[in-house]
Amino acid sequence: MRIAEELEKLNVDVIEAGFPISSEGDFEAVKAIARTIKRSEVAALARANSKDIDQAWEAIKGAKFPRIHTFISTSDIHLKHQLNKTKEEVIRIATQSVARAKRFTPNVEFSAMDATRSDVKFLAAVVEAAIRAGATTINIPDTVGYAIPSEFGSLIQTLRETLPGIEKVTLSVHCHNDLGLAVANSLAAVQHGVRQVECTINGIGERAGNTSLEEIVMAIRTRKDLLPVFTRVIPKQLYATSRLVSKITGMAVQPNKAIVGANAFAHESGIHQDGVLKEN
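Residues numbered from 1 in each chain as written. Predicted model: local features only at pLDDT ≥ 70, side-chain atom pairs only at ≥ 80, totals over all residues. Heavy atoms only, no water.

(A) The overall build of the protein chain, seen in detail. If you tally the helices and strands in the protein chain, you get 11 helices and 7 strands. Radius of gyration (C-alpha) of the protein chain: 19 Å, near the 19 Å computed for a compact globule of 280 residues. Across its three principal axes, the protein chain shows a C-alpha extent of roughly 65 × 40 × 35 Å. A burial count over the protein chain gives 48% of its 280 residues as buried. Pairs at least 24 residues apart make up 70% of the contacts formed inside the protein chain by residues separated by at least 6 positions. (Helix = DSSP H or I, 4+ residues; strand = E, 2+ residues; numbered from the N terminus. Rg over C-alpha atoms; globule rule 2.2 N^0.38 Å. Buried < 20%, exposed > 50% of the residue type's maximum accessible area, 1.4 Å probe, protein only. Contact = heavy atoms within 4.5 Å.)

(B) Expanded view of the state of the cysteines. Under the defined criterion, the tally for this structure stands at 0 disulfides. C175 carries a free sulfur, and the closest cysteine sulfur to it, the one in C199, is 10 Å from it. For C199, a relative accessible area of 28% gives the class partly exposed. (Disulfide = S-S within 2.5 Å.)

(C) Geometry of the sheet that holds strand β2 (residues 41-47). Across the sheet, 7 strands lie side by side as β1-β2-β3-β4-β5-β6-β7; this open sheet has parallel pairing. Strands with a single pairing partner mark the edges of an open sheet, and in this sheet they are β1 (14-18) and β7 (196-198). When the angles between neighbouring strand axes are averaged without regard to direction, this sheet yields 30 degrees. Running over the sheet, helix α7 (residues 149-162) touches β5 (137-142) and β6 (170-175) and is turned about 155 degrees from β6. (Pairing = 2+ DSSP bridges. Axes fitted to C-alpha atoms, helices over the stretch in contact; angles between N-to-C directions.)

(D) Spatial organisation of the packing of helix α1 (residues 2-10) against helix α10 (residues 238-249). In the contact formed by α1 and α10, the axes pass within 10 Å of each other and the chain directions differ by 170 degrees. One element, α1, and the other, α10, form an angle in the roughly antiparallel class. Taken as a pair, α1 and α10 cross one another with a handedness that is left-handed. Each of R2, I3, E6, L7 and L10 in α1 lies in contact with α10, whose residues at this interface are L238, A240, T241, L244, V245 and I248. (Parallel < 35°, antiparallel > 145°, perpendicular 65-115°, else oblique. Left-handed = near helix turned anticlockwise from the far one by under 90°.)

Below, the structure is given as structure tokens:
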């Protein structure tokens, strides 16, 4: 709850509060956050099935701005080894799940898990089905941190150029940092028209982590010449939020971490010190 309130103070657009079906504790936490947060949207995660979606809605129905975020895998390797589903079944499940979520709230996000390792034509077919079913945000995840920026940007561009109805939704990305490229991939996507970046404070997350919120915010703020977009995040709140998350999770911020690391603005080199003393 303390982190959720800090995120609202930071002025983020959406707080994805948890995965209500995963445990009673997660359900109660999402429910409590949904009741408390008044300015940010509150999202609940749900696999593409009725039980998950219904439980997600039960958790967030008290929110001022609720969102259901449902997902299903689209890569061949996931279809074969994780889902044991055909491509036709996945399209049908995606359609039914978005339509079910839409019965509860107009604010529905759909994710094609492992999108960057998916056949592009099939990925496009699933996304098109989700849009027809009523999804208002389409998320393209790099689930295992496999993509590089030029490749990821090209994928986003291809979807924007070929998909009917893509201009009616908010295009989103969710990148993992297994190759250290989560922020770079997310910014490449922004340059190709993405307008939602899913990210975390201090880049925390599964395995090597997720896209770092503070790095995205400050890259956009610093490089307006190349990134003509904006966020409503309040930069002065970044450090306090970073420290709170670090303290509560017990995950220390490395000293050389960009933006919020203890050494981020410390200069050891004499040449650098001289320059900073002369011109901040």
